[in-house]
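Inside the fold
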Number of protein chains: 2
Amino acid sequence: MKERYFDDLKVGDRFKSEPLSVTEKKLIEFAHRFDPQMFHLSRNRAERTIFKGLIASGWHTAAMTMRLFVQTLNFAEGAIGLGVDELSWPNAVRPGDVLTVETEILDVRLSRSRPGYGIIRLRNVTTNQRGEVAQTMLANAMVPRADGGAAE
Amino acid sequence: MKERYFDDLKVGDRFKSEPLSVTEKKLIEFAHRFDPQMFHLSRNRAERTIFKGLIASGWHTAAMTMRLFVQTLNFAEGAIGLGVDELSWPNAVRPGDVLTVETEILDVRLSRSRPGYGIIRLRNVTTNQRGEVAQTMLANAMVPRADGGAAE
C-alpha cells in the first residue's frame with residue numbers, strides 16, 4: 001500500500017476506510033478496561049438503561065475510528081495528533097455494527113516550527129452499516145513532508 | 001463508595017482521581033489494536049522518530065482518562081457523553097508514567113428533553129507524575145437526577 005506524505009494531500013480530498021466489525025466481546029472488554037459503566041459492561045445490565053441494550057463506549061468508537069483512519073491514510077512515519085474538536089456520538093454503536101470512516105481534508109499548511117512537517121485539518125465521520133453517523137470529529141495532525149522540508 | 005447524581009454537583013466542584021500507571025506492555029497492546037503507528041508500536045522503531053522513544057496513543061490517554069473519571073465521579077446509572085471539545089495532548093505519555101485526572105465542573109443545567117437527567121459541562125485535565133499536562137478536554141455529559149425528575 002502506498003505510503004502517504006503531507007505533499008500528497010490537498011483540500012477537499014476524501015478517503016473511505018475499510019469496514020470494521022464491532023463484536024460484543026471486544027465492546028465489553030474495552031469497557032472493562034476504560035469505561036466501566038453499566039450500558040457498556042453486560043447485556044443484562046444494559047437492557048435496564050435508557051439504551052435498552054449494550055452500546056460501545058464513545059472512546060472505543062474513537063479508538064476504532066483512529067484504527068481505520070491510520071490504515072486508510074497510511075502516512076509514512078505516522079500522523080501526530082495535535083488536537084480534536086467537536087467530537088460527538090450522534091448514534092450509539094451496538095454489537096454487530098460495522099463501522100467505516102470517511103476522512104475529508106479541510107486545510108493543509110506547512111508547519112512553522114518544524115520545516116519537515118505539514119499540518120492538516122480533517123473531518124472524520126464514522127458511520128454504521130445503515131449509514132447512521134456514529135461519530136464525528138475535527139482534528140489537526142502533523143504529518144511528514146516527502147522531502148523532509150529540504151527544498152525550502 | 002458513594003454513588004453520585006446530577007443533584008450532588010455544583011459549578012466549581014473539583015475532583016481528583018486515583019493514580020494510574022502506564023506500562024510499556026499496555027501501551028503497545030493498545031497501539032496494535034487502535035493506533036498502529038511506529039512511535040506507539042515498538043521501542044526500537046520509536047527511537048528513530050521525533051519522540052525519541054515510545055509514546056502512548058492520544059486515544060489511549062483519552063481512554064485512561066475516562067477510566068479515572070468514571071471511577072472518581074462514580075455516577076449512579078452512569079454518565080452519557082454528549083460531546084467533547086478542545087481535546088489536546090500537550091505532553092507525550094511514556095511507559096512508566098503515572099497519570100491522574102482532575103475534573104472541574106464548569107456548568108450544570110437540567111435536560112430539556114429528558115426530565116430525569118441533568119447536563120454537566122466539565123474540564124478534565126490529565127497530568128503525569130511530574131505535574132506536566134498530558135491531556136486536556138472539555139466535555140458535556142448527561143447524568144441522572146436523584147429523584148428521576150419526579151419533583152418537576
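Scroll up to find the structure.
The rules behind these values
Counting from 1, residues in each chain are numbered in the order their sequence is written. Chains carry letters from A onward and ligands carry numbers from 1 onward, assigned in written order. At least 70 in pLDDT is required for a residue's local features to be given in this predicted model, at least 80 for side-chain atom pairs to be given and counted, and no such filter applies to totals for whole chains, interfaces and linings, which use all residues. Calculated side-chain values reflect all of the structure's heavy atoms, with hydrogen atoms and water omitted. For salt bridges, the criterion is a side-chain nitrogen of Lys or Arg within 4 Å of an Asp or Glu carboxyl oxygen. Numbering of helices and strands starts at the N terminus; helices are DSSP runs of H or I of at least 4 residues and strands are runs of E of at least 2. Buried means the residue's accessible area, taken with a 1.4 Å probe over protein chains only, is under 20% of the maximum for its type, while exposed means over 50%, and partly exposed covers the values in between. Grid spacing is 1 Å over the protein atoms alone, the probe is 1.4 Å, and a cavity is where that probe fits but cannot get out, while a pocket is an open set with protein on both sides within 12 Å along at least five of seven lines and lining residues have an atom within 4 Å of a point. Grid points are joined across faces, edges and corners, and a volume is the space filled by probe spheres set on the points. All amino acids are sorted into three groups, where Ala, Val, Leu, Ile, Met, Phe, Trp, Tyr, Cys and Pro are nonpolar, Asp, Glu, Lys and Arg are charged, and the leftover types, Gly among them, are polar. Strand pairing follows a simple DSSP-based rule, namely that at least 2 bridges must link the two strands.

This next bit is on the pattern of salt bridges. Scanning all chains against the criterion turns up 18 salt bridges over all chains. Here glutamate 29 of chain B ties to arginine 33 of chain A by a salt bridge, and the two come within 2.3 Å at their closest N and O atoms. You can see glutamate 29 of chain B sitting in helix α1 (residues 24–34) and its partner arginine 33 of chain A sitting in helix α1 (residues 24–34), one on each of two chains. A residue is classified by how much of its surface remains accessible, and arginine 33 of chain A, at 35% relative accessible area, is partly exposed. Between glutamate 102 of chain B and arginine 14 of chain B there is a salt bridge, with the nearest N and O atoms lying 3.7 Å from each other. Highlighted residues: glutamate 102 of chain B in strand β4 (residues 98–110) and arginine 14 of chain B in strand β1 (residues 14–16), separated in sequence by 88 residues. Judged by its relative accessible area of 53%, arginine 14 of chain B falls in the exposed class. The network of salt bridges with shared partners includes Arg14, Glu102, Glu104 and Arg123 of chain A.

The space that makes up the largest pocket amounts to roughly 650 Å³. Lining the largest pocket we find 42 residues, and of these Ile80, Gly81 and Leu82 of chain A together with Phe51 and Trp89 of chain B sit closest to its centre. The class makeup of the residues in the lining of the largest pocket is 24 nonpolar, 13 polar and five charged. Here the second largest pocket defines a volume of roughly 560 Å³. Forming the walls of the second largest pocket are 40 residues, and the residues nearest its centre are Phe51 and Trp89 of chain A together with Ile80, Gly81 and Leu82 of chain B. Within the residue set of the lining of the second largest pocket, elements represented by two or more residues are α2 (38–41) and α4 (58–73) of chain A together with α4 (58–73), β3 (80–88), β5 (117–127) and β6 (133–144) of chain B. For the lining of the second largest pocket, the per-class residue count stands at 23 nonpolar, 11 polar and six charged.

This part is about the pairing of β5 of chain B. Residues and elements named next belong to chain B. For β5, the tally of buried residues reaches eight of 11 residues, placing the bulk of the element in the interior. The pairing of β4 with β5 spans 10 bridges and is antiparallel. Bridge pairing in β5 places glutamate 102 opposite valine 125. Between β4 and β5, which pair antiparallel one after the other, the connecting turn spans six residues. Looking at chain direction, β5 and β6 are connected through 11 bridges and run antiparallel.

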